[in-house]
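The chain contents come next:
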Amino acid sequence: MKKIGFLLSVGFLVFVSSCTKENGAVPDNGGVYNPTIVDPTEIFPAEFGMPLLPKDNPFTEEGIMLGRMLFYDPMLSIDSSISCASCHRQEYAFAEPLDKSVGFRGLRASRSSMPLFNLAYHHSYFWDTRVKTLRELVFEPIQAHNEMAMTLPTLRDRLKRNKRYVDYFKKAFNHEPNLHDMSLAMEQFLLSIVSKDSRFNKFFPGDDLSVLSPSELRGAFIYNGLIEFDDNGVTKGADCFHCHGGELSQQLNASMGGIASNGLDPEPVDLGVGGVTNRNQDMGVFKAPSLLNIAVTAPYMHDGRFQTLEEVIDHYSEGVNFDHPNIHPQMAAHGGMQLNLSKQQKEDLIAYLKSMTDSTLLVNPAYSNPF
Ligand code: HEC
Ligand code: HEC
């Protein structure tokens with residue numbers, strides 16, 4: 001009797017611990033290849049439309065989970081100290097509250113970390129748009145000497161020696177661990193991160209004005225209004241939407257303002273896109289980021305020069321460098337006149353920007369650390 005009681009309680013313990021594993025996410029697995037296909041319509045909301053997805057890398061539950069494990073695993077850095085999530089933290093919409101990211105042995109990255117969501121809709125990645133696919137992108141931070149400082153042969157060997165990854169690569173791809181499948185799994189996970197639940201997204205495209213407070217609504221009109229000065233030199237609109245418009249709060253078309261100089265400096269300091277293409281018209285030009293979740297992704301701009309949204313708005317209101325050789329025409333649409341927004345207009349604009357925070361993204365268990 002005693003013995004049975006003992007066995008039962010052992011059984012109970014095993015049961016409890018496997019349940020905890022399910023909740024903590026990484027499910028126990030026998031390394032059996034029987035992937036569960038995930039329909040993209042379950043991931044992407046109808047109102048965003050369907051992004052162009054890589055045809056050779058269909059979403060599977062196992063692929064997304066493997067990508068998520070790798071994203072959170074410090075084993076991907078040479079001294080096992082840094083994971084992707086060290087610089088891309090969920091509570092900050094997968095950005096990081098630092099002007100320049102800190103990587104391997106405290107070395108600084110040259111730019112500010114970027115938030116990660118709705119990446120499936122982007123056509124290129126990084127502040128200078130130098131990479132076109134996420135499967136290529138992952139190899140950059142892994143190998144950068146000031147980020148994860150890893151070498152690819154070492155990483156491959158590490159994954160191959162790790163029982164959990166041997167099982168999981170088998171389960172997701174029916175192969176032993178290899179770097180190509182690693183990059184596909186991470187691509188699946190990164191593509192699957194969606195931000196859609198902000199109040200701004202409930203408001204957009206503006207059919208129901210009651211979703212926003214009076215101040216936020218005034219901010220919406222400033223944000224989406226064209227720059228036109230009245231006789232008193234007051235502008236109703238600040239024309240943010242040309243480069244940060246639509247339901248993703250981001251212009252995806254490079255030639256329409258998706259890549260621009262917003263006049264931060266009188267002349268290019270960091271060459272941005274020009275550093276990649278070497279063309280004059282790209283010098284000091286950067287990807288215009290989405291403003292979804294902007295309230296949680298400080299500091300701002302590619303070099304993290306602004307600590308607060310107030311500082312950002314002051315830049316657009318009275319600090320634009322119209323001398324920048326590649327300032328976007330939309331920035332100078334008003335003949336090089338500073339907007340000089342009133343205190344109230346600035347507050348309203350900031351209130352509107354704050355309605356773009358999707359608090360579910362910041363805690364969504366589907367994107368959290370699975371270990
Ligand atoms: C040391 C900090 C650090 C680590 C570690 C790191 N990143 Fe980043 N990440 C950055 C910085 C900084 C940028 C912007 C770099 C640039 O534009 O040159 C960035 C940009 C990105 C972007 C581009 C987003 C966009 O909108 O264009 C993606 C995607 C990304 N990282 C994914 C990852 C993944 C996946 C990993 C792990 C393999 C990772 N990062 C590891 C700091 C880091
Ligand atoms: C001509 C295109 C353009 C216009 C118009 C524009 N922006 Fe930007 N915005 C950009 C670009 C490009 C960046 C990134 C610049 C950089 O880092 O060098 C940026 C960056 C930002 C950032 C920081 C984002 C981050 O993740 O760090 C905020 C906030 C912002 N803009 C708000 C606004 C507001 C508010 C307006 C209207 C007053 C506006 N922008 C108008 C192109 C534009």
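Because the structure is predicted, anything quoted here is derived from the model rather than measured.

### Structural notes on the pattern of salt bridges
Thinking step 1. Taken as a whole and assessed by the stated rule, the structure comprises 19 salt bridges.
Thinking step 2. Linked through salt bridges whose partners overlap, the residues forming this network are Arg111, Asp128, Arg130, Glu140 and Asp270.

### Some words on the coordination of the iron atom of ligand 2
Thinking step 1. Protein-derived ligands of the iron atom of ligand 2 are His244 (NE2) and Tyr316 (OH), with the metal-ligand distances lying across 1.9 to 2.1 Å.
Thinking step 2. The site at the iron atom of ligand 2 holds six donor atoms, and with the angles between them running 87 to 179°, its shape is octahedral. Within this pair, whereas histidine 244 is found in the loop between helix H11 (214-223) and strand S1 (259-260), its partner tyrosine 316 is found in helix H13 (residues 309-318), the two being separated by 72 residues in sequence.

### Focus: the coordination of the iron atom of ligand 1
Thinking step 1. No other protein atom reaches the iron atom of ligand 1 as a donor apart from His88 (NE2), found 2.1 Å away.
Thinking step 2. When you line up the elements, histidine 88 lands in the loop between helix H4 (84-87) and helix H5 (134-137).

### What about the site of ligand 1?
Thinking step 1. Close contacts around ligand 1 come from 29 residues, with Cys84, Cys87, His88, Phe126 and Trp127 the closest.
Thinking step 2. Phenylalanine 126 has a polar backbone atom sitting 2.7 Å from an oxygen atom of ligand 1.
Thinking step 3. One of the side-chain nitrogen or oxygen atoms of lysine 287 is found 2.8 Å away from an oxygen atom of ligand 1.
Thinking step 4. Where the shell around ligand 1 is concerned, the elements lending two or more residues are H4, H5, helix H6 (139-143) and helix H9 (179-192).
Thinking step 5. Looking at the shell around ligand 1, its residues break down into 18 nonpolar, seven polar and four charged.

### Quick word on the site of ligand 2
Thinking step 1. Taken together, 23 residues are adjacent to ligand 2, and Cys240, Cys243, His244, His302 and Tyr316 come closest.
Thinking step 2. In the model, an oxygen atom of ligand 2 is placed 2.7 Å from a nitrogen or oxygen of the methionine 301 main chain.
Thinking step 3. At 2.6 Å from an oxygen atom of ligand 2 is found a side-chain nitrogen or oxygen belonging to histidine 302.
Thinking step 4. Contributions of two or more residues to the shell around ligand 2 are made by strand S2 (286-287) and H13.
Thinking step 5. Looking at the shell around ligand 2 element by element, the count peaks at three residues for H13.

### Remarks on the domain arrangement of the protein
Thinking step 1. Each domain of the protein was delimited in the assignment, giving domain 1 (22-196) and domain 2 (199-354).
Thinking step 2. The gap between the C-alpha centroids of domain 1 and domain 2 is 30 Å.
Thinking step 3. Taken together, the 29 residues of domain 1 in the interface contact 24 residues of domain 2.
Thinking step 4. With both sides pooled, the region where domain 1 packs onto domain 2 buries about 2,100 Å², and carbon together with sulfur makes up 62% of that total.
Thinking step 5. Per-residue buried area on domain 1 facing domain 2 is highest for Phe48, Arg111 and Trp127; these three make up 25% of the total on that side.
Thinking step 6. The interface formed by domain 1 and domain 2 includes one salt bridge.
Thinking step 7. For aspartate 270, the salt bridge is made with arginine 111, and the minimal N-O distance between the two is 2.7 Å.
Thinking step 8. Between the two partners, domain 1 and domain 2, sit seven residue pairs in polar contact (both at pLDDT 80 or more).
Thinking step 9. Per-class residue counts for the side of domain 1 that touches domain 2 are 13 nonpolar, seven polar and nine charged.

### Structural notes on the confidence of the model for the protein
Thinking step 1. Mean pLDDT for the protein: 92, with 93% of residues reaching 70 or above.
Thinking step 2. Long-range and interchain partners of residues 1-23, a stretch whose pLDDT sits below 50, account for three contacts in this model, where long-range means more than four residues apart.

### Points about the packing of helix H3 (residues 61-71) against helix H8 (residues 163-173)
Thinking step 1. Across the interface, H3 lies against H8 with an axial gap of 8 Å and an inter-helix angle of 150°. Two packed elements cross with a definite hand, and for H3 against H8 that hand is left-handed. When H3 is examined against H8, the residues Glu62, Gly63, Met65, Leu66, Met69 and Leu70 are found in contact with a partner set consisting of Arg164, Tyr165, Tyr168, Phe169, Lys171, Ala172 and Phe173.

### Describing the packing of H11 against helix H14 (residues 343-354)
Thinking step 1. Following both chains from N to C, one finds H11 and H14 inclined at 100°, their axes separated by 7 Å at the closest point. For the element pair H11 / H14, the angle class is roughly perpendicular. Of the residues in H14, those in contact with Ser215, Glu216, Arg218, Gly219, Ala220, Ile222 and Tyr223 of H11 are Gln344, Gln345, Glu347, Asp348, Leu349, Ala351, Tyr352 and Leu353.
Thinking step 2. Grouping the amino acids of the contact of H11 with H14 by side-chain chemistry returns seven nonpolar, four polar and four charged.

### Comments concerning H11
Thinking step 1. Considered for burial, the residues of H11 that qualify are Glu216, Leu217, Gly219, Ala220, Ile222 and Tyr223.
Thinking step 2. Contacts made by the buried residues of H11 are with helix H10 (199-203) and H14.

Cut-offs applied
- Residues numbered from 1 in each chain as written.
- Chains lettered and ligands numbered in written order.
- Predicted model: local features only at pLDDT ≥ 70, side-chain atom pairs only at ≥ 80, totals over all residues.
- Heavy atoms only, no water.
- Salt bridge = Lys/Arg side-chain N within 4 Å of Asp/Glu carboxyl O.
- Donors = N, O, S within 2.8 Å, 3.2 Å for Na, K, Ca; no water.
- Tetrahedral: all angles 85-135°; square planar, octahedral: opposite > 155°, others 65-115°.
- Helix = DSSP H or I, 4+ residues; strand = E, 2+ residues; numbered from the N terminus.
- Near = heavy atom within 4 Å.
- Polar contact = N/O pair within 3.5 Å; in protein donor to acceptor, adjacent residues only side chain to side chain.
- Nonpolar A, V, L, I, M, F, W, Y, C, P; charged D, E, K, R; others polar.
- Domains from an automatic or database assignment.
- Contact = heavy atoms within 4.5 Å.
- Buried area = accessible area lost by both parts, 1.4 Å probe.
- pLDDT = per-residue confidence, 0-100.
- Axes fitted to C-alpha atoms, helices over the stretch in contact; angles between N-to-C directions.
- Left-handed = near helix turned anticlockwise from the far one by under 90°.
- Parallel < 35°, antiparallel > 145°, perpendicular 65-115°, else oblique.
- Buried < 20%, exposed > 50% of the residue type's maximum accessible area, 1.4 Å probe, protein only.

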